[in-house]
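# Examining the three-dimensional arrangement
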Amino acid sequence: MNGITETAQAVEQLPIVDPHLHLWQLSHGHYHWLRQHNPPYWPEKNLLQQDFLPEDLQLTAPFQLAGLVHIEAGFDNARPERELAWLRRLQFSCPYRAVAFLDCAQPLPAIETALQALLAYQPVGVRHIFEGTDQHLLQQPQMLQIARLLQQHQLLLEVQCELASIANVNAIEQLAQRYPELKLVLNHAGLVQNAQWLAWQSAIKQLAAYPNIALKLSGWELQRAGESTEADPDWQRRVLSELLHYWPGSRLMLASNFPLCLWQGSYQQLWQRYHQLCQNEGLSGDDWRQLSGETAAHWYQLAEAVR
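Along every chain, residues carry numbers that run from 1 in the direction the sequence is written. In view of the model being predicted, local features appear only for residues whose pLDDT reaches at least 70, and side-chain atom pairs are presented and counted only at 80 or more, with totals across whole chains, interfaces and linings using the full set of residues. Water and hydrogen atoms were dropped before computing side-chain values, which therefore reflect all heavy atoms in the structure.

## Some details on the nonpolar core
Definition in use: Throughout this description, the term nonpolar core refers to a set of buried Ala, Val, Leu, Ile, Met, Phe, Trp, Tyr and Cys residues connected via side-chain atoms within 4.5 Å. Burial classes: relative accessible area under 20% of the type maximum marks a residue as buried, over 50% as exposed, and values in between as partly exposed (1.4 Å probe, protein chains only). The criterion used for residue contact is that any of the two residues' heavy atoms lie within 4.5 Å.
Core analysis: the largest hydrophobic core is formed by 90 residues, its most contacted members being Leu163, Ile172, Val239, Trp247 and Trp271. Sequence-distant contacts of leucine 163, defined by excluding residues within four places in its chain, comprise Val169, Ile172, Leu186, Gly190, Ala199, Trp200, Ala203, Ile204, Leu207 and Leu215. Ranked by size, the runner-up nonpolar core spans 16 residues in total, among them Val69, Ile71, Met253 and Ala305.

## Digging into the packing of helix H5 (residues 166-178) against helix H6 (residues 197-207)
Note the threshold: Orientation is described by axes fitted as lines to C-alpha atoms, over the contacting stretch for helices, and by angles from 0 to 180 degrees between their N-to-C directions. Helix and strand labels come from DSSP, where a helix needs a run of H or I of at least four residues and a strand needs a run of E of at least two; each type is numbered from the N terminus. In this scheme, roughly parallel covers angles under 35 degrees and roughly antiparallel covers those over 145, while 65 to 115 is roughly perpendicular and the rest are oblique.
Axis separation between H5 and H6 bottoms out at 10 Å; the angle between their running directions is 10°. Of the possible angle classes, the one that applies to H5 and H6 is roughly parallel. The segment H5 lies against H6, with Ile166, Val169, Asn170, Ile172 and Glu173 engaging Ala203, Gln206 and Leu207.

## A look at the sheet that holds strand S3 (residues 96-101)
Backbone hydrogen bonds hold the strands of a sheet together, and the pairing may be parallel or antiparallel. Under the convention used in this document: Strands pair, by our definition, only if DSSP identifies at least two bridges between them.
Read from one edge to the other, the open sheet built from eight strands follows the order S1-S2-S3-S4-S5-S6-S7-S8, with strand pairing classed as parallel. At either margin of the open sheet sits one strand with a lone partner, and together these are strand S1 (14-21) and strand S8 (252-254). Taken pair by pair, the neighbouring strands of this sheet meet at an average axis angle of 25°, ignoring direction. Bridge analysis of S1 against strand S2 (residues 63-71) gives six bridges, and the strand direction is parallel. Residue pairing for S2: leucine 14 is matched across the bridge by phenylalanine 63. Lying over the sheet, H5 contacts strand S5 (156-160), strand S6 (184-186) and strand S7 (213-217), oriented at roughly 155° with respect to S6.

## Some points on unusual backbone geometry
Of all residues except glycine, most have a negative phi; of all peptide bonds, most are trans. With an omega of 5°, the peptide bond running from proline 39 to proline 40 counts as cis. Within the fold, proline 40 resides in the loop between S1 and S2. Cis peptide bonds are those with omega within 30 degrees of zero, and the linkage from alanine 61 to proline 62 qualifies with 10°. Relative to the helices and strands, proline 62 resides in the loop between S1 and S2. Unlike most non-glycine residues, glutamine 122 shows phi in positive territory, near 55°. Checked against the element boundaries, glutamine 122 lands in the loop between helix H3 (108-119) and strand S4 (125-129). The class for glutamine 122 is exposed, based on a relative accessible area of 65%. The backbone phi angle of alanine 189 is positive, close to 55°, even though this residue is not glycine. Relative to the helices and strands, alanine 189 resides in the loop between S6 and H6.

## Quick look at H3
The condition that has to hold: Expected span of a helix, by definition, is 1.5 Å for each gap between consecutive residues, and there is one gap fewer than residues.
With 12 residues, H3 extends 16 Å from end C-alpha to end C-alpha; this agrees with the ideal 16 Å at 1.5 Å per step. Taken together, the buried residues of H3 touch helix H2 (81-88), S3, S4 and helix H4 (142-152).

## A short note on the confidence of the model for the protein chain
The criterion, for reference: Per residue, pLDDT measures the predictor's confidence, with a range of 0 to 100.
A residue-level look at the protein chain finds 96% of positions with pLDDT of 70 or above and a mean pLDDT of 95. Scored below 50 in pLDDT, residues 1-9 makes zero contacts in the model with residues more than four places away or belonging to other chains.

## Some thoughts on the state of the cysteines
Rules: Put simply, a disulfide is two cysteine sulfurs that come within 2.5 Å.
Applying the stated criterion to the full structure yields zero disulfides. With no disulfide of its own, cysteine 161 lies closest to cysteine 104 among cysteine sulfurs, the gap being 12 Å. On the accessibility criterion, cysteine 161 (1% relative accessible area) is buried.

## Here we look at the packing of aromatic side chains
Threshold: Note on ring pairs: Phe, Tyr and Trp rings are taken, using the six-membered ring of Trp, and paired if centres are within 6.5 Å. Classes follow the plane angle, with under 30 degrees stacked, over 60 edge-to-face and the rest tilted. Placement of a positive charge over a ring is assigned whenever Lys NZ or Arg CZ falls within 6 Å of the ring centre and within 35 degrees of the normal to the ring plane.
On inspection of all chains with the given rule, the structure shows 15 aromatic pairs. Between tryptophan 33 and tryptophan 42, the aromatic rings sit 6.2 Å apart at their centres with planes inclined by 80°, giving edge-to-face as the arrangement. With relative accessibility at 18%, the residue tryptophan 42 sits in the buried group. When the centroid spacing of 4.1 Å and the interplanar angle of 25° are considered together, the rings of phenylalanine 92 and tyrosine 96 count as stacked. Ring-pair connections join several aromatic residues into one group, and the members of that group are Trp24, Tyr31, Trp33, Trp42, Phe52, Phe75, Trp86, Phe258, Trp263, Tyr267, Trp271 and Tyr274. One residue, arginine 238, lies across the ring of tryptophan 197, its end atom 3.9 Å from the ring centre. The ring centre of tryptophan 247 lies 4.4 Å from the NZ or CZ of arginine 251, which sits over that ring.

What follows is the structure, encoded as structure tokens:
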């Protein structure tokens, strides 16, 4: 009996700080993008058309969710502070931080007003998805003024855009140069695609020079969004390996994009794949802890999650 106990105690716990996930409660928010008659028109959108709450983030040993970052999910884009208020009413089993929506298409006075409403709820940062018809917003002169406000309020900016676009990369570089105290976090590995590999590779080399830019490895399911697909460990390893050539682990984070990651398996399976990925890449236990928790805890002010 003692031998069994000692063996159980010898299993190393693997605490996770997940820096990119979404929760929602359909009866409480707008979530226009989740409605069947609205874009995106994904074939298996029905998987997402249910509530996802903290208790759905299921991990079993050796993995343990020690902290998380909730990324805005379109609760109410006209009044994004409502999503932060809703989050406060949920029961979390671990420390969390929240990234709120900020509509960067608004005139600057409206953005200042929106930020004041958000600050009452102490978000760690804001996000606007610079994709599709909104890609040009990242390249507008107003973004420099928005960046100034965010640096002033010590809010980070989540940048979700295609790094294969040189215009996007130059805009990000300009923000990083002009506001060195502003944290910029690139979402979903810069939406890397195999067909645009060389452009993406050039982008990560260019942006590697800026210590105020970090990147999250996630969103693998977005290559064929809205479809149940098999995860591609070889592709993930190729992306991680390339990033590790140029970026320190202190600026790289493994993340889930829950619940969209469920198109490729369970939450548990995602973190198992990540752990295997790091082992296959020959990374040490310290490297794994950095990529799976310590970097996220630093960038998102979740130090208590990795003590």
